[in-house]
Amino acid sequence: MLSLIKPTVEYEQSYRSYIQELGDSERYPFTLDFEYDDFPALVTQLKNCSLGIGLPDGWVPHTTFWLVEHEEIVGVSSLRHHMTDRLKRLGGHIGFGVRPSAQGRGIGKELLRQTLIEARRLGIPEVLMICLKDNVASSRVILANGGTLESEYSAPEYSGLLQRYVISIDADPDQRTDA
Ligand SMILES: CC(C)(COP(=O)(O)OP(=O)(O)OC[C@H]1O[C@@H](n2cnc3c(N)ncnc32)[C@H](O)[C@@H]1OP(=O)(O)O)[C@@H](O)C(=O)NCCC(=O)NCCS
């Protein structure tokens, strides 16, 4: 069973092993870059981000979720509550990633499916997702969750082409995948 939860201190050990597995690879979503030496402080920070407390200028409230399987965090997503012009181009509503040792068995699809349910709870009618064109696994996860490719473009911040997908969340997200 895969459950999407909000961060809690009980998962400190699992979180630390998750970060260790990621090693030097780029961390998705961006909240995995937050300092975590003081784990209760990280949990408080993530809660505050969701409430819009203490955010740097130009940042929007965002909620981090952990996908948990057998008491282990196997995936992490971050849901931005609304878009700015910059986020429409570069970040989108949702960033996500799966623990390396758990990849390739449908967890990414399930992580996005459950995060879309949270987006619907927030009243977001249409979710924007941005990913690099050469990130095949990511685009497959988005397509499997009802994403439609809207455009492809380059941005000075990235060397490859970016893709922008739109997911309408009028439809019932429970019906999209059977992961
Ligand atoms: C993208 C990511 C979350 C996918 O997670 P996952 O649990 O491996 O994905 P799933 O098992 O649900 O597989 C989804 C699809 O991608 C395919 N896939 C998975 N890994 C792949 C790879 N390395 N290359 C090509 N396709 C791949 C699967 O075969 C599946 O395809 P299908 O639709 O034909 O069934 C994971 O690869 C990851 O964490 N990557 C690093 C972080 C990242 O890139 N996040 C997205 C930022 S936009």
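Our structure is the block above this text.
Residues numbered from 1 in each chain as written. Predicted model: local features only at pLDDT ≥ 70, side-chain atom pairs only at ≥ 80, totals over all residues. Heavy atoms only, no water.

> An account of the overall build of the protein is needed here, citing residue identities and associated values.
Scanning the protein for helices and strands turns up 5 helices and 7 strands. Over its C-alpha trace the protein gives a radius of gyration of 15 Å, about what one expects of a compact globule, namely 16 Å for 179 residues. Taking contacts inside the protein between residues at least 6 apart in sequence as the whole, the part at least 24 apart equals 63%. Split by element, the accessible area of the protein, about 9400 Å² in all, is 48% carbon and sulfur. When the 18 basic and 25 acidic side-chain charges of the protein are each reduced to a single mean position, those positions are 5 Å apart. (Helix = DSSP H or I, 4+ residues; strand = E, 2+ residues; numbered from the N terminus. Rg over C-alpha atoms; globule rule 2.2 N^0.38 Å. Contact = heavy atoms within 4.5 Å. Areas by Shrake-Rupley, 256 points an atom, 1.4 Å probe, with all protein chains shown as cover. Lys, Arg positive; Asp, Glu negative; His and termini not counted. Charge placed at Lys NZ, Arg CZ, Asp CG, Glu CD.)

> I'd like to hear about the sheet that holds strand E3 (residues 72-80), residue by residue, with values.
In space, the 4 strands of this open sheet follow the order E1-E2-E3-E4, with antiparallel pairing throughout. Either end of the sheet is taken by a strand with one partner, and the two such strands are strand E1 (3-5) and strand E4 (94-98). Neighbour-to-neighbour, the strand axes of the sheet open up by a mean angle of 25°, direction not taken into account. Relative to E4, E3 runs antiparallel, the two being bridged by 5 bridges. Note that in E4 the partner of Val76 across the bridge is Gly97. (Pairing = 2+ DSSP bridges. Axes fitted to C-alpha atoms, helices over the stretch in contact; angles between N-to-C directions.)

> Can you explain the site of the ligand? Please cite residues and give values.
The environment of the ligand is formed by 19 residues, the closest being Phe96, Val98, Gly104, Gly106 and Asn135. In the environment of the ligand, an oxygen atom lies 3.2 Å from a nitrogen or oxygen atom belonging to the backbone of Arg105. Here an oxygen atom of the ligand sits 2.8 Å away from a polar atom, N or O, in the main chain of Gly108. If the ligand stood free it would expose 930 Å²; the protein chains cover 68% of that surface. (Near = heavy atom within 4 Å. Polar contact = N/O pair within 3.5 Å; in protein donor to acceptor, adjacent residues only side chain to side chain.)

> Describe the pairing of E4, with residues and values.
In terms of residue burial, E4 counts as a mostly covered element, since 5 of its 5 residues are buried. Residues Ile94, Phe96 and Val98 point to one face of E4 and Gly95 and Gly97 to the other, with burial holding for every one of them. (Buried < 20%, exposed > 50% of the residue type's maximum accessible area, 1.4 Å probe, protein only.)

> Before we move on, could you go through the layout of surface pockets and cite the residues and values that matter?
A volume near 1300 Å³ is recorded for the largest pocket. Around the largest pocket, the lining is made up of 48 residues, and of these Arg27, Tyr28, Pro29, Gly95 and Phe96 lie nearest the centre. Looking at the lining of the largest pocket, the elements with two or more residues in it are helix H1 (12-22), E3, helix H3 (85-90), E4, helix H4 (107-121), strand E5 (126-132) and helix H5 (136-144). Its residues placed into classes, the lining of the largest pocket shows 24 nonpolar, 15 polar and 9 charged. (1 Å grid on protein atoms, 1.4 Å probe; cavity = no way out; pocket = protein on both sides within 12 Å on 5 of 7 lines; lining within 4 Å. Points joined across faces, edges and corners; volume = space filled by probe spheres on them. Nonpolar A, V, L, I, M, F, W, Y, C, P; charged D, E, K, R; others polar.)

> Kindly report on the side chain of Thr63, identifying the contributing residues and their values.
Take Thr63: it is sitting in strand E2 (residues 62-69). A distance of 2.7 Å separates a polar atom in the side chain of Thr63 from a polar atom in the side chain of His81. The residues contacting Thr63, other than those within four sequence positions of it, are Lys6, Ser50, Ser77, Ser78, Leu79 and His81.

> Residue-level account of unusual backbone geometry, with values.
Geometrically, the link from Tyr28 to Pro29 is a cis peptide bond, its omega value of 0° lying close to zero. In this fold, Pro29 is placed in the loop between H1 and helix H2 (39-51). One non-glycine residue, His70, lies in positive phi territory at about 45°. The topology assignment puts His70 in the loop between E2 and E3. Using a relative accessible area of 67% as the deciding quantity, one classes His70 as exposed. Of note, the phi angle at Glu71 is positive, near 65°, even though the residue is not glycine. With respect to the element layout, Glu71 can be found in the loop between E2 and E3.

Just geometry here; none of it tells us what the structure is for.
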